[in-house]
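# Descriptive structure summary
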Amino acid sequence: MRAVVQNDKSRVFRAARVRGGLAALAVAALVPGCAQGSGEVRSASGQQLQAPPARALDAYATGLRAAHAARVAAAHRWGLERVPLPAPPPPAKKPEITTRDGFEVDDHAERGLPPVFTTVPTQRKVVFLTIDDGAEKDRAFLRMMTELKVPYTAFLSDYLAKEDYGYFKRMQDRGVTLNNHTLHHPYLPDLSYARQKREICGMQKVIREHFGKRPTVFRPPYGNYDENTLVAAKSCGITHVPLWNEEVFADHWDYREWDRELHRGDIVLTHFRGRGDWGGTMTDMARRFLDKVTAEGYAVARLEDYL
């Protein structure tokens, strides 16, 4: 049975009457008394329209300004070179995810096994940040990403996460999805089908018990898997197996592709690590990651919105 082994180092408005109606709305909303106090205006076609209250528009604009100011302040506070770009709204139609060439197992598609992929097919200039295992429980990192409103996805192994489930619950409460990375982080191709299933299904049970919902996304430890891994994962309710195209550390980047560049839809890997492993903190890693992707015009999107 072939094992797949990774190298893991740790609107255009078309009708004039619509334009006229919208313009009338804007004027009615922004100029007091233009609708003679009724709150109603007529479009270019004579259709009666309801103008939104000026105060509501003003409050909305104020909210946008306040949110941007908060992100600017947070970027300054955390030492970023630029304010991270906001992610676009989730796609109305999710892309079709297929297994990357060379990452298949026997009869992969025919058996309906979860796709294994390193990049999400999208024309949007976005990347996805994923964090593995759960060793370091860095409170500053949690505050940083919350204040900056940067999404990311966690893949947890229970032998590390169980030291402080509360940390990851706080992460989940902030919108982070907690996914499966096995119970004990073994090299799965060395294990029998039964033992692989215990590792994957066992972690499904842990996440459901402690965090309320069984995940559908799984990453094999070290990025290594074989046919048994994917069959077991499917039986445990897994629908997607994302790997990665880049890995970011506190002090450098590693790349899978020969061009050593970011690409639209790339999945970026990092780990819950601290000074003892990296010579830097998770906030150092996040700063390096955000400075690079922002400088290159990428926003960080939420992986689950595309799956």
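Every chain is numbered on its own, with residues counted from 1 as its sequence reads. With the structure being a predicted model, the display of local features is reserved for residues of pLDDT at least 70 and the display and counting of side-chain atom pairs for 80 or more, all residues being used for whole-chain, interface and lining totals. Hydrogens and waters are ignored; side-chain quantities use all the structure's heavy atoms.

Counting its secondary structure elements, the chain contains 9 helices and 11 strands. Here the chain displays about 15400 Å² of accessible surface, and carbon together with sulfur accounts for 51% of that area. Numbering of helices and strands starts at the N terminus; helices are DSSP runs of H or I of at least 4 residues and strands are runs of E of at least 2. Accessible areas in this description were obtained via Shrake-Rupley with a 1.4 Å probe; residue shielding takes into account the shown protein chains only.

This paragraph deals with helix 7 (residues 227-235). Listed in full, the buried residues belonging to helix 7 are Glu227, Asn228, Thr229, Leu230, Ala232 and Ala233. Contacts were defined at the residue level, with two residues in contact if any of their heavy atoms lie within 4.5 Å. Check the buried side of helix 7 and you find it contacts strand 3 (116-117), helix 6 (193-211) and strand 7 (241-242). Polar contacts here mean pairs of N or O atoms no more than 3.5 Å apart (in protein, one a potential hydrogen donor and the other a potential acceptor; neighbouring residues in sequence count only if both atoms are side-chain atoms). You can read the cap of helix 7 off the contacts: a side-chain oxygen lies 3.1 Å from the backbone nitrogen of asparagine 228, and it is on aspartate 226. Backbone geometry just downstream of helix 7 places glycine 237 in the positive-phi region, at approximately 100°. Under the scheme applied here, a residue whose accessible area is under 20% of the maximum for its type counts as buried, over 50% as exposed, and between as partly exposed, the area being computed with a 1.4 Å probe on protein chains only.

Turning to helix 6, a few remarks are in order. By definition here, a helix of n residues has an expected span of 1.5 Å times n minus one. Look at helix 6: 27 Å from first C-alpha to last across 19 residues, which is about the 27 Å you get at 1.5 Å a residue. Buried residues of helix 6: Gln196, Glu199, Ile200, Gly202, Met203, Gln204, Val206, Ile207 and Phe211, and no others. Contact partners of the buried residues in helix 6: strand 5 (153-156), helix 4 (158-161), helix 5 (165-173), strand 6 (177-180) and helix 7. Phi turns positive, to about 90°, at glycine 212, one or two residues after helix 6.

Note on terminology: pairs of cysteine sulfur atoms within 2.5 Å are recorded as disulfides. Enumeration over the complete set of coordinates arrives at 1 disulfide. Each disulfide pairs two cysteine sulfurs, and for cysteine 201 the partner residue is cysteine 236, the sulfurs being separated by 1.8 Å. Across the S-S bond of cysteine 201 and cysteine 236 the torsion is about -90°, and the bridge reads as left-handed. Of this pair, cysteine 201 sits in helix 6 while cysteine 236 sits in the loop between helix 7 and strand 7, placing them 35 residues apart in sequence.

Of note, glutamate 246 is situated in strand 8 (residues 246-248). As a buried residue without a salt bridge, glutamate 246 has its nearest oppositely charged side chain in arginine 256, at a separation of 8.1 Å. In this tally, Asp and Glu contribute negative charge and Lys and Arg positive charge; neither His nor the terminal groups of the chain are included. Here, a salt bridge means any side-chain nitrogen of Lys or Arg that lies within 4 Å of a carboxyl oxygen of Asp or Glu.

Within the element layout of this structure, arginine 71 appears in helix 2 (residues 54-77). Sequence-wise, arginine 71 and valine 83 are 12 residues apart; in three dimensions their C-alpha atoms are separated by 6.7 Å. Once residues within four sequence positions are removed from consideration, arginine 71 is found in contact with Val83, Pro84, Leu85, Pro86, Leu148 and Lys149.

Of note, the phi angle at aspartate 107 is positive, near 55°, even though the residue is not glycine. Note that aspartate 107 resides in the loop between helix 2 and strand 3. Residue lysine 149 is not a glycine yet carries a positive backbone phi of 60°. Locating lysine 149 in the fold gives a position in the loop between helix 3 (139-148) and strand 5. We classify lysine 149 as exposed; its relative accessible area is 59%.

Glancing now at the pattern of salt bridges. Evaluated as defined, the whole model comprises 12 salt bridges. A salt bridge links aspartate 132 to arginine 219; its shortest N-O distance comes to 2.8 Å. In this pair, aspartate 132 sits in strand 4 (residues 126-133) while arginine 219 sits in the loop between helix 6 and helix 7, placing the two residues 87 residues apart along the sequence. Neither aspartate 132 nor arginine 219 differs from the other in exposure class; each is buried. Where arginine 302 meets aspartate 305, a salt bridge forms, and the shortest distance between an N and an O atom there is 2.7 Å. For arginine 302, a relative accessible area of 29% gives the class partly exposed.

This part is about the confidence of the model for the chain. In predicted models, pLDDT denotes the confidence assigned by the predictor to each residue on a 0 to 100 scale. Chain-level pLDDT for the chain is 88 on average; 85% of the residues reach the 70-or-more range. Contacts of residues 9-47 to residues separated by more than four positions or lying in other chains number 44 contacts, the stretch itself having pLDDT below 50.

With that settled, consider the packing of aromatic side chains. Any two of the Phe, Tyr and Trp rings considered here, Trp counted by its six-membered ring, make a pair once their centres fall within 6.5 Å; the pair's planes then place it as stacked at under 30 degrees, edge-to-face at over 60, or tilted in between. For the structure on display, the rule yields 8 aromatic pairs. Aromatic pair tryptophan 253 and phenylalanine 289: ring centres 6.0 Å apart, planes at 25°, arrangement stacked. With tryptophan 253 in strand 9 (residues 253-255) and phenylalanine 289 in helix 9 (residues 282-295), this residue pair connects regions lying 36 residues apart in the sequence. Of the two residues examined, tryptophan 253 and phenylalanine 289, each falls in the buried class. Counting every residue linked through ring pairs, the aromatic cluster contains Tyr167, Phe168 and Phe272. The criterion is that NZ of a Lys, or CZ of an Arg, lies within 6 Å of the ring centre and within 35 degrees of the ring normal, and then a charge sits over that ring. Between the NZ or CZ atom of lysine 125 and the centre of the ring of tyrosine 298, over which it lies, the distance is 5.0 Å. The side chain of arginine 219 reaches across the aromatic face of phenylalanine 155, ending 4.5 Å from its centre.

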